[in-house]
Amino acid sequence: MASDADLIGRSLDGDVDAFVEVVERHEAAVGSYLVRRAGRDAAEDLLGEVWVAAFESRRLYDRSYNDARPWLYGVALNRLRRYWRSRPDEDLVADVPDVATGWDPWSAVDLGVDARAVLRSALMRLKPEEREVLRLVAWEDLTAADAARALGIPAGTARRLLSQARTALRDAPGVSALLNDRNSAKERHR
């Protein structure tokens, strides 16, 4: 099986089907990444833009790397950033009157903070660059070095950012209690 680097090289030499094979290999992973970051509707449009941008910039691909997935995540991230910049600010906030009608915030407080809210809050406290490295490693199953390639930063910087993110999450308010509860539940089920 040809590597992504070989296929990109063949596509540069005129073999259009070679780049189609790269797309087929990575379409599910890149599509899932976009869905998690922008939602299903936006992801469908963005995915097409990613493939066009990747095809147009394939001459810039460093063929010393056999796997194009980190590079494609970098292309996808650039498309996401362009998409987010193009959105009006009001699109990024829920319609407050719809949320507020009949809503009693105290019942939500009484129920306590669930694990998703605690983790979301902890993630939002991370620096944006820490969050990006963590997402690529945790959600996209990249190594820190591959995340660095996707983000265009040195591998050592990506490892540092990942370490900082893990430490910040571990030390975030509420996360320690969640981890203790989860570990206790695991031990009870043994």
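Rules behind the numbers
Residues numbered from 1 in each chain as written. Predicted model: local features only at pLDDT ≥ 70, side-chain atom pairs only at ≥ 80, totals over all residues. Heavy atoms only, no water. Helix = DSSP H or I, 4+ residues; strand = E, 2+ residues; numbered from the N terminus. Buried < 20%, exposed > 50% of the residue type's maximum accessible area, 1.4 Å probe, protein only. Contact = heavy atoms within 4.5 Å. Areas by Shrake-Rupley, 256 points an atom, 1.4 Å probe, with all protein chains shown as cover. Axes fitted to C-alpha atoms, helices over the stretch in contact; angles between N-to-C directions. Parallel < 35°, antiparallel > 145°, perpendicular 65-115°, else oblique. Left-handed = near helix turned anticlockwise from the far one by under 90°. Nonpolar A, V, L, I, M, F, W, Y, C, P; charged D, E, K, R; others polar.

Asks: Help me understand the overall build of the chain in this model?
Replies: A count of helical and extended segments in the chain gives 11 helices and zero strands. Reading the helices (α) and strands (β) of the chain from amino to carboxyl end gives α-α-α-α-α-α-α-α-α-α-α. Among the 190 residues that make up the chain, the fraction classed as buried is 35%. The contacts in the chain between residues at least 6 apart in sequence include a share of 63% that link residues at least 24 apart. Here the chain displays about 12100 Å² of accessible surface, and carbon together with sulfur accounts for 51% of that area.

Asks: Help me out: how do you make sense of the packing of helix α2 (residues 16-38) against helix α3 (residues 40-56) in this one?
Replies: Any two packed helices are characterised by how steeply their axes cross, that is the angle between the axes, and by the distance between the axes. For the pair α2 and α3, the least separation of the axes is 9 Å and the interaxial angle reads 140°. It follows that α2 is oblique to α3 by the angle criterion. In this structure, α2 meets α3 at a crossing whose hand is right-handed. Note on element contacts: α3 touches α2 through Arg40, Ala42, Ala43, Leu46, Leu47, Val50, Trp51, Ala54 and Phe55, opposite Phe19, Val23, His26, Glu27, Val30, Gly31, Leu34, Val35 and Ala38. Its residues placed into classes, the contact of α2 with α3 shows 14 nonpolar, two polar and two charged.

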